[in-house]
Amino acid sequence: LVLQRQQIDDLAVDIEANYQSGRSLMIALGVVSLLLSLVCAWLISGSITRPLVQATAVARQVAGGDLTARIDTSTLDGMMGRLGERMNGLLGTVDTVFVNLGDALAAMARGDFTHRIEAEYEGVFDRLKQDANRTAQQLSETVGKVTIAASAVRDAASEISTGSNDLAGRTE
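Procedures and definitions
One numbering rule holds for all chains: residues counted from 1, following each sequence as written. Owing to the predicted nature of the model, reporting of local features is limited to residues with pLDDT of at least 70; listing and counting of side-chain atom pairs is limited to 80 or more, with chain, interface and lining totals taken over all residues. Side-chain figures throughout are based on the complete set of non-hydrogen atoms in the structure, without hydrogens or water. Numbering of helices and strands runs from the N terminus; a helix is a DSSP stretch of H or I covering at least four residues, while a strand is a stretch of E covering at least two. The atom set for the radius of gyration is the C-alpha atoms, and the globule formula is 2.2 Å times the number of residues raised to the power 0.38. In these tables, accessible area is a Shrake-Rupley quantity obtained with a 1.4 Å probe, and a residue counts as shielded only by the protein chains included in the view. Positive: Lys, Arg. Negative: Asp, Glu. His and the chain ends are not part of the count. Here the site of a charge means NZ on Lys, CZ on Arg, CG on Asp, or CD on Glu. A pair is scored as a salt bridge if a Lys or Arg side-chain nitrogen falls within 4 Å of a carboxyl oxygen belonging to Asp or Glu. Type-normalised accessible area, obtained with a 1.4 Å probe on protein chains alone, sets the label of each residue: buried when under 20%, exposed when over 50%, and partly exposed for intermediate values. Helix axes use the C-alpha atoms of the stretch in contact, all axes being lines fitted to C-alpha atoms, and the angles between their N-to-C directions lie in the range 0 to 180 degrees. Roughly parallel means an angle under 35 degrees; roughly antiparallel means over 145; roughly perpendicular covers 65 to 115; every other angle is labelled oblique. Should any heavy atoms of two residues lie within 4.5 Å, those residues are counted as being in contact. Here the nonpolar group is Ala, Val, Leu, Ile, Met, Phe, Trp, Tyr, Cys and Pro; Asp, Glu, Lys and Arg are the charged ones; every other residue, Gly included, is treated as polar. What a helix is expected to span follows from its residue count: subtract one and scale by 1.5 Å.

Asker: Mind laying out the overall build of the protein, listing which residues take part and the relevant values?
Answerer: Assigned secondary structure in the protein consists of three helices and zero strands. A compact globule built from 172 residues would reach a C-alpha radius of gyration of about 16 Å, whereas the protein, at 42 Å, exceeds it by more than 25%. Principal-axis analysis of the C-alpha atoms places the extent of the protein at approximately 165 × 25 × 20 Å. When the accessible surface of the protein is split by element, carbon and sulfur atoms take 63% of a total near 13000 Å². Across the protein, 15 positive and 21 negative side-chain charges occur, with their mean positions spaced 3 Å apart.

Asker: I'd like to hear about the pattern of salt bridges, residue by residue, with values.
Answerer: As a working rule, side chains carrying opposite charge can pair if their charged atoms are close by. What the rule picks out here adds up to three salt bridges. Residue arginine 154 is joined to aspartate 155 by a salt bridge in which the shortest nitrogen-to-oxygen separation is 3.4 Å. Residue classification places arginine 154 among the exposed positions, given a relative accessible area of 55%. With a relative accessible area of 37%, aspartate 155 lands in the partly exposed category.

Asker: Pulling in residues and values, what's your account of the packing of helix H2 (residues 78-109) against helix H3 (residues 123-170)?
Answerer: Angle between the axes and distance between the axes: these two values describe a pair of packed helices. Close contact between H2 and H3 brings their axes to 11 Å; oriented N to C, the two are set at 5°. Regarding the angle of H2 to H3, the classification is roughly parallel. The segment H2 lies against H3, with Thr93, Val94, Val97, Leu101 and Met108 engaging Phe125, Leu128, Ala132, Thr135, Ala136 and Leu139. Of the residues that constitute the contact of H2 with H3, the class distribution is nine nonpolar, two polar and no charged.

Asker: Pulling in residues and values, what's your account of H3?
Answerer: In this model, H3 (48 residues) spans 70 Å end to end at C-alpha, consistent with the 70 Å of a helix rising 1.5 Å per residue. Those residues of H3 that are buried are in contact with H2.

Asker: So what's going on with the environment of glycine 89? Residues and values would help.
Answerer: In this structure, glycine 89 sits in helix H2. The class of glycine 89 is partly exposed, set by a relative accessible area of 38%. Taking the C-alpha atoms as reference, glycine 89 lies 9.1 Å from arginine 70; in sequence the two are 19 residues apart.

Asker: Can you tell me about the side chain of asparagine 133, naming the residues and giving the values?
Answerer: Within the element layout of this structure, asparagine 133 appears in helix H3. Here asparagine 133 falls in the buried class, since its relative accessible area comes to 12%. Not counting residues up to four positions away in its chain, the partners in contact with asparagine 133 are Arg116 and Ile117.

This is how it looks when you write it as structure tokens:
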């Protein structure tokens, strides 16, 4: 009986030791898991927020009139990289449209109504191109008509002047 009691006590000590070491191991694994989770969360949030911060900065530049601003896609992967490339493509198109439209307006301001936008665009950008080209064409036609009318007025005034001088010469 004493021997059985000793064996039970030894077994109880072993069980308690196993319990304590298992508990310590579980706590350590919990702490390591928590730390790994925090590191992963920090890395994931950084991979999302960094591109958004950069996109916000580019949007601020564009809103300020700098259409040459672009998102640096060299450090972006996957969906964020594709999104950055698409945004850069859009910015490039908008920049080109505004440069072409500005050139056409500058030409009209100089009196050159022959300048046309030749680039190919789609949607609203094509409508802007067509409207600018039609405006230049209409102004060219209007200036041509005014020039013809002014020439006719000049010729008529010259004829009136000649007739008036002729009449004045006969009445003397």
